[in-house]
Amino acid sequence: MEEQRTDLTQFAERIVQLRQQISQVIVGQEENIDLLLTAVLANGHVLLEGVPGVAKTLLARLLARLIDAKFSRVQFTPDLMPSDVLGTNVFNMKTSDFDFHAGPVFADLVLVDEINRAPAKTQAALFEVMEERQVTIDGVTHPMGQFYTILATQNPVEQEGTYKLPEAQTDRFMMKITMDYPSFEEEIMILERHHTNQRLTALDGIEPIITKEQLMELRRMLNEVFVDPAILRYMAGIVQQTRQSKSVFLGASPRASVALLQASKAYALLQGRDFVTPDDVRYVAPSIMQHRIILTAEAEMEGITPQRAIARLMEKVEVPK
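Residues numbered from 1 in each chain as written. Predicted model: local features only at pLDDT ≥ 70, side-chain atom pairs only at ≥ 80, totals over all residues. Heavy atoms only, no water.

## Things to note about the overall build of the chain
Part 1: The helix and strand inventory of the chain stands at 14 helices and 13 strands.
Part 2: Scaling as 2.2 N^0.38, a compact globule of 321 residues should have a C-alpha radius of gyration of about 20 Å, and the chain matches this with 20 Å.
Part 3: Projected onto its principal axes, the C-alpha coordinates of the chain cover approximately 70 × 45 × 45 Å.
Part 4: If you sum the accessible surface of the chain, you get close to 16000 Å²; carbon and sulfur atoms cover 52% of it.
Part 5: Counting 32 positive and 43 negative side-chain charges, the chain places the centres of these two groups 3 Å from one another. (Helix = DSSP H or I, 4+ residues; strand = E, 2+ residues; numbered from the N terminus. Rg over C-alpha atoms; globule rule 2.2 N^0.38 Å. Areas by Shrake-Rupley, 256 points an atom, 1.4 Å probe, with all protein chains shown as cover. Lys, Arg positive; Asp, Glu negative; His and termini not counted. Charge placed at Lys NZ, Arg CZ, Asp CG, Glu CD.)

Now the structure itself:
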């Protein structure tokens, strides 16, 4: 146990460095940055949602620069085909055989920009690779690395030229992180930084802080994080509430329960602890649940948002002491 705590200290220093480096480029968004790091540690994919210009893509690009791993980016558009994302077999005239040309999903960290701009058949191309970390093309399976993570962005405001993500796909995202406008003070800080450094968004000079192997080691440490049976019941109670509420048409799946457990353990590690507290669960639960539930028409007409619905449901579950 003593050796493990030493490891926690070493990784805690890396996490502090990651936070500091991100905060030098991204103003504010501390909670969202913590949630993003939590999801990456918990081996989960992330959906970043926010209006244009709140640094969704910048945050994803910055995280990729800070982790020494292969990065790829694909811009989803209405005319994008599944083969443009996954890759395709091309006939080689010299060898009279087919050569596989890998698509942009073949990387360690993949940024899918504006995922809701591509039609359903292109979105569905990500189903297998998100769930099973592999791609099957023409009967041949191409496995991805263990670290494989997808960061997707979407704009919730524009409706024209966008396609709603299928429930089966949103369920494959461990977290949905909503990025809001900065506060008045943060807006001033953004202007001051851009006034003194015009190429702030170019990410020039950003060096990796943590390697892919170190992150994988930290992920393995999730198995050592202690979770009391009472906290497991607390997690199950939150998920069960989403299925029993009158304002929820479709509740969270068992995949949400597992995601809540893994994210709570990862967030505990981020705080330098090897045990999960109820506060850890309460911190990550809204991001785990908000995109997995579908509200009833009556609840939506009353102006209830998924975030408010989750907050109400959590209040009904007794917090373990």
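This is not the end of the story, as more comes after the structure.
## Looking at a nonpolar patch on the surface
Part 1: Residues Phe91, Met93 and Phe98 make up a contiguous nonpolar surface patch of roughly 380 Å² in combined accessible area.
Part 2: In this structure, Met93 sits in the loop between strand 4 (87-92) and strand 5 (97-102). (Patch = residues over 30% accessible without salt bridge, like charges linked within 9 Å, V, L, I, M, F, W, Y side chains within 5 Å. Salt bridge = Lys/Arg side-chain N within 4 Å of Asp/Glu carboxyl O.)

## Looking at the side chain of His291
Part 1: The residue His291 is located in the loop between helix 12 (278-289) and strand 13 (294-295) in this model.
Part 2: A relative accessible area of 8% places His291 in the buried class.
Part 3: Among the polar contacts made by the side chain of His291, one reaches the main-chain carbonyl oxygen of Thr170 at a distance of 3.4 Å.
Part 4: Not counting residues up to four positions away in its chain, the partners in contact with His291 are Thr170, Phe173, Met174, Met175 and Lys176. (Buried < 20%, exposed > 50% of the residue type's maximum accessible area, 1.4 Å probe, protein only. Polar contact = N/O pair within 3.5 Å; in protein donor to acceptor, adjacent residues only side chain to side chain. Contact = heavy atoms within 4.5 Å.)

## Digging into the pairing of strand 1 (residues 45-49)
Part 1: Most of strand 1 is tucked away, with 5 of its 5 residues classed as buried.
Part 2: Here strand 1 runs beside strand 10 (residues 173-178); their pairing, made up of 5 bridges, is parallel. The residue bridging Glu49 from the neighbouring strand is Thr178, located in strand 10.
Part 3: Across 4 bridges, strand 1 lies against strand 9 (residues 149-154) in parallel orientation. Across the sheet, Val46 pairs through a bridge with Leu151, a residue of strand 9. (Pairing = 2+ DSSP bridges.)

## A word on the packing of aromatic side chains
Two aromatic rings are characterised by how far apart their centres lie and by the angle between their planes.
Part 1: This model, assessed by the stated rule, comprises 1 aromatic pair.
Part 2: Measuring from centroid to centroid gives 4.4 Å for Tyr267 and Tyr283, while their planes differ by 15 degrees, and the two rings are stacked. Of this pair, Tyr267 sits in helix 11 (residues 254-270) while Tyr283 sits in helix 12, and the two are 16 residues apart along the sequence.
Part 3: What makes Tyr267 buried here is its relative accessible area of 9%.
Part 4: A cation over a ring is seen here: Arg172 above Phe127, with NZ or CZ 4.8 Å from the ring centre.
Part 5: One Lys or Arg, Arg273, reaches over the ring of Phe275 and ends 5.5 Å from the middle of that ring. (Phe/Tyr/Trp six-rings, centres within 6.5 Å; stacked < 30°, edge-to-face > 60°. Lys NZ or Arg CZ within 6 Å of the ring centre and 35° of its normal.)

## Examining the pattern of salt bridges
Part 1: Enumeration according to the criterion identifies 10 salt bridges in this entry.
Part 2: With its nearest N and O atoms 2.6 Å apart, the salt bridge here joins Arg19 to Asp34. Of this pair, Arg19 sits in helix 1 (residues 2-25) while Asp34 sits in helix 2 (residues 30-41), and the two are 15 residues apart along the sequence.
Part 3: Overall, the relative accessible area of 24% leaves Arg19 in the partly exposed class.
Part 4: Here Asp280 makes a salt bridge to Arg273, at a shortest N to O gap of 2.8 Å.

## Digging into the sheet that holds strand 3 (residues 71-75)
Part 1: Reading across from one edge, 3-6-9-1-10 is the order of the 5 strands in this open sheet, with parallel pairing throughout. Of all the strands in the sheet, the pair left with one neighbour each is strand 3 and strand 10. Strand after strand, the sheet turns through a mean of 15 degrees between neighbouring axes, direction not considered.
Part 2: Contacting strand 1, strand 3, strand 6 (109-113) and strand 9, helix 3 (residues 56-66) crosses the sheet at an angle of about 170 degrees to strand 6. (Axes fitted to C-alpha atoms, helices over the stretch in contact; angles between N-to-C directions.)

## Concerning the packing of helix 2 against helix 11
Part 1: Between helix 2 and helix 11, whose axes approach to 8 Å, the crossing angle comes to 115 degrees. Helix 2 and helix 11 meet at a crossing whose hand is right-handed. Where helix 2 abuts helix 11, its residues Asp34, Leu37, Thr38 and Leu41 lie against Ala263, Ala266, Tyr267 and Leu270.
Part 2: When grouped by side-chain class, the residues that make up the contact of helix 2 with helix 11 number 6 nonpolar, 1 polar and 1 charged. (Left-handed = near helix turned anticlockwise from the far one by under 90°. Nonpolar A, V, L, I, M, F, W, Y, C, P; charged D, E, K, R; others polar.)

## Looking at the confidence of the model for the chain
Part 1: Across the chain, the average pLDDT comes to 83, with 93% of residues at or above 70.
Part 2: The spread of mean pLDDT over the elements of the chain runs between helix 1, the lowest at 69, and helix 12, the highest at 91.
Part 3: Note that residues 1-6 has pLDDT below 50 and, in this model, 5 contacts with residues that lie over four places away or in other chains. (pLDDT = per-residue confidence, 0-100.)

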